[in-house]
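Residue-level listing of the chains:
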Amino acid sequence: MKGTVIKSTGSWYTVLNENKTIVECRIKGVFRMKGIMSTNPIAVGDKVEFEMEEDGRGVIHAIEERKNYIIRKSINLSKQSHILATNLDQALLIVTLAMPRTSTGFIDRFLLTAEAYHIPVSIIFNKMDLFEEEKMMESVNEFIGIYERIGYKCYRVSATENKNIEVLKEITKDKTTLISGHSGVGKSTLINAMDANLDLRVGEISDAHNKGKHTTTFAEMHPLGYGGFIIDTPGIKELGLVDMEKEEISDYFPEMRAIRNNCKFNNCLHLNEPKCAIIEAVEKGEIAVSRYTSYLGIMSGEELETEY
Ligand SMILES: Nc1nc2c(ncn2[C@@H]2O[C@H](COP(=O)(O)OP(=O)(O)O)[C@@H](O)[C@H]2O)c(=O)[nH]1
Ligand SMILES: [Mg+2]
Ligand SMILES: [Zn+2]
């Protein structure tokens, strides 16, 4: 039988099979992935083959090749990674401009990582009900415009006022979607607004907060009533940064990638080199200063805020 892993707790895997029933499965044999050493052989999103045992449980014996995956690097410097989720169609980055305000540094770091993983991202600006005054709208639009101009799809929504939730349903229908963002931005409220049957707890700080950073966090995949899956990664707001060379980083900033070949030196790092097309674009206001600041921070290896 074939199915999709929707939850994993370590040794047991919850598999939704093709006829929409749920089977608890174990694994048999060794599953190893090319390229990375991971603490978990199978993760949420994996398409697996399994056989039923007499006790009504299953045994997974094969795993389909992954379209993509996201990992979280272990913090203890071992080379092991934890696979958070696989086979994603897209990610929705939930951000807020107040209560709490999501920083451009965090947004840019997330976008960079998703670009490197080849996962398309839409940015969802939640709590828009807080900005109804016209004066405020101006600075809101300016902020959002930075990302719209680069080509990211941006949506202005309010989970509590049920504004623009229909469009979120449209873009998630029949897709596997990762939901990310800081704690408190309204992820659970939004997911509930999209599908009331899910009934996630609002205002709950994830376990990772209480247990500290070293806890292994398992993602969970929720089937949507209207088709598709939502993957929620409790307590994880940052994707593990893929290993990348300094020369590659500007490739993952789409507005830099577009003009990088115009730099005088083909190994230009866009830091202080003469005739650098990217620095010139920042000076002309064609690349946002905040984006370039994020680029410099990432180039210098700066750790972003990692509070949970
Ligand atoms: N004003 C306003 N508050 C919201 C909105 N969405 C969520 N909240 C509030 O933000 C808080 C955190 O929401 P929650 O869904 O738990 O956030 P999560 O940590 O990202 O899952 C709760 O008090 C929600 O009621 C919104 O669209 N507007
Ligand atoms: Mg939540
Ligand atoms: Zn350059």
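Notes on the structure in this doc start here. (Residues numbered from 1 in each chain as written. Chains lettered and ligands numbered in written order. Predicted model: local features only at pLDDT ≥ 70, side-chain atom pairs only at ≥ 80, totals over all residues.)

**Thoughts on the overall build of the protein**
For clarity, the threshold we go by: In this description a helix means any DSSP run of H or I spanning at least four residues, a strand means any run of E spanning at least two, and both kinds are numbered starting from the N terminus. With C-beta atoms placed from the backbone, a residue is buried if 20 or more other C-beta atoms are within 10 Å of its own, exposed if 12 or fewer are, and partly exposed between those counts. Throughout, a residue-residue contact means that the two C-beta atoms, derived from backbone geometry, are no farther apart than 7 Å.
The secondary structure content of the protein amounts to eight helices and 13 strands. Buried positions account for 31% of the 308 residues belonging to the protein. Taking as baseline every contact in the protein between residues at least 6 positions apart, the subset at least 24 positions apart corresponds to 64%.

**Things to note about helix α8 (residues 289-299)**
The criterion, for reference: Of all possible arcs, the one meant is that of the directions from the helix axis to the C-beta atoms.
Those residues of α8 not exposed but buried are R291, Y292, S294, Y295 and I298. Buried residues in α8, looked at end-on, bunch into an arc of 155 degrees, giving them a common side. Summarising the geometry of α8, the exposed residues directed more than 90 degrees from the buried face are V289 and L296. Tucked into the core, α8 has its buried residues touching α1 (104-117), α2 (134-150), α6 (254-257) and α7 (277-283).

**Section: α1**
Quick note on the threshold: Given the number of residues in a helix, its expected span is that number minus one, multiplied by 1.5 Å.
The terminal C-alpha atoms of α1, which comprises 14 residues, lie 20 Å apart, in line with the 20 Å expected from a rise of 1.5 Å per residue. Residues I107, D108, R109, F110, L111, L112, T113 and A114 constitute the buried set of α1. In this structure, the buried side of α1 is in contact with β8 (90-95), β9 (121-125), β11 (176-180) and α8. Following α1 by one or two positions, H118 has its phi on the positive side, about 60 degrees.

**Things to note about the pairing of strand β2 (residues 13-17)**
Just so we agree on the cut-off: When DSSP finds two or more bridges between a pair of strands, those strands are recorded as paired.
Here strand β1 (residues 2-8) pairs with β2 via five bridges, running antiparallel. Bridge assignment links V5 to a residue of β2, and that residue is V15. Here β1 hands over to β2 after four residues, with G10 in that stretch at a positive phi of 120 degrees. Judged from the four bridges that link them, β2 and strand β3 (residues 22-27) form a sheet pairing that is antiparallel. Residue pairing for β3: Y13 is matched across the bridge by C25. Hairpin connection from β2 to β3: four residues lie between these consecutive antiparallel strands, with K20 at a positive phi of about 65 degrees.

**A few points about the pairing of β8**
We count it as follows: Here is how to tell: hold the view so the strands point away, follow the path from the first strand over the helix to the second, and if it runs clockwise the crossover is right-handed.
Taking burial as the measure, the six residues of β8 include five buried ones, the bulk of the element. In this sheet, β11 lies alongside β8 in parallel orientation, the contact comprising four bridges. Counterpart to A91 in the pairing with β11 is L178. The pairing of β8 with β9 spans five bridges and is parallel. Within β9, the residue paired with L92 across the bridge is S122. Assessed by its sense of winding, the connection that carries the chain from β8 through α1 to β9 is right-handed.

**Description of the packing of α1 against α8**
Formally: Axes, fitted as lines to C-alpha atoms, cover a helix only where it is in contact. Angles between the N-to-C directions of the axes lie from 0 to 180 degrees. Working rule for angles: under 35 degrees goes down as roughly parallel, over 145 as roughly antiparallel, 65 to 115 as roughly perpendicular, anything else as oblique. For any helix crossing, the convention is left-handed if the near helix is rotated counterclockwise from the far helix by under a right angle, and right-handed if that rotation is clockwise. Classification used: nonpolar for Ala, Val, Leu, Ile, Met, Phe, Trp, Tyr, Cys and Pro, charged for Asp, Glu, Lys and Arg, polar for all others including Gly.
It is at 9 Å that the axes of α1 and α8 come closest, and there the two elements cross at 70 degrees. With respect to α8, the element α1 is oriented roughly perpendicular. In this structure, α1 crosses over α8, and the sense of that crossing is right-handed. On α8, the residues that touch T104, G105, D108, R109 and L112 of α1 are S290, R291, S294, G297 and I298. Residues belonging to the contact of α1 with α8 are distributed by class as follows: two nonpolar, five polar and three charged.

**Quick look at the environment of I249**
For I249, the position within the fold is in the loop between β13 (229-232) and α6. Judged by the 17 C-beta atoms lying within 10 Å of it, I249 is partly exposed. Along the backbone, I249 and L112 are 137 residues apart, and their C-alpha atoms lie at a distance of 7.9 Å. Setting aside residues up to four positions removed in sequence, I249 forms contacts with M244, Y295, I298 and M299.

**Focus: the nonpolar core**
Heads up, the condition is: Each nonpolar core comprises buried Ala, Val, Leu, Ile, Met, Phe, Trp, Tyr and Cys residues, the members being joined through C-beta atoms within 7 Å.
Membership of the largest hydrophobic core comes to 63 residues, with the highest contact counts inside it found for A85, L93 and I231. When sequence neighbours within four positions are dropped, the list of residues in contact with A85 reads A43, V44, G45, Y69, I70, L178, A219 and I231.

**Digging into the environment of L97**
Within the element layout of this structure, L97 appears in the loop between β8 and α1. A C-alpha to C-alpha distance of 7.5 Å links L97 and V140, two positions 43 residues apart in sequence. Sequence-distant contacts of L97, defined by excluding residues within four places in its chain, comprise F125, F131, V140 and F143.

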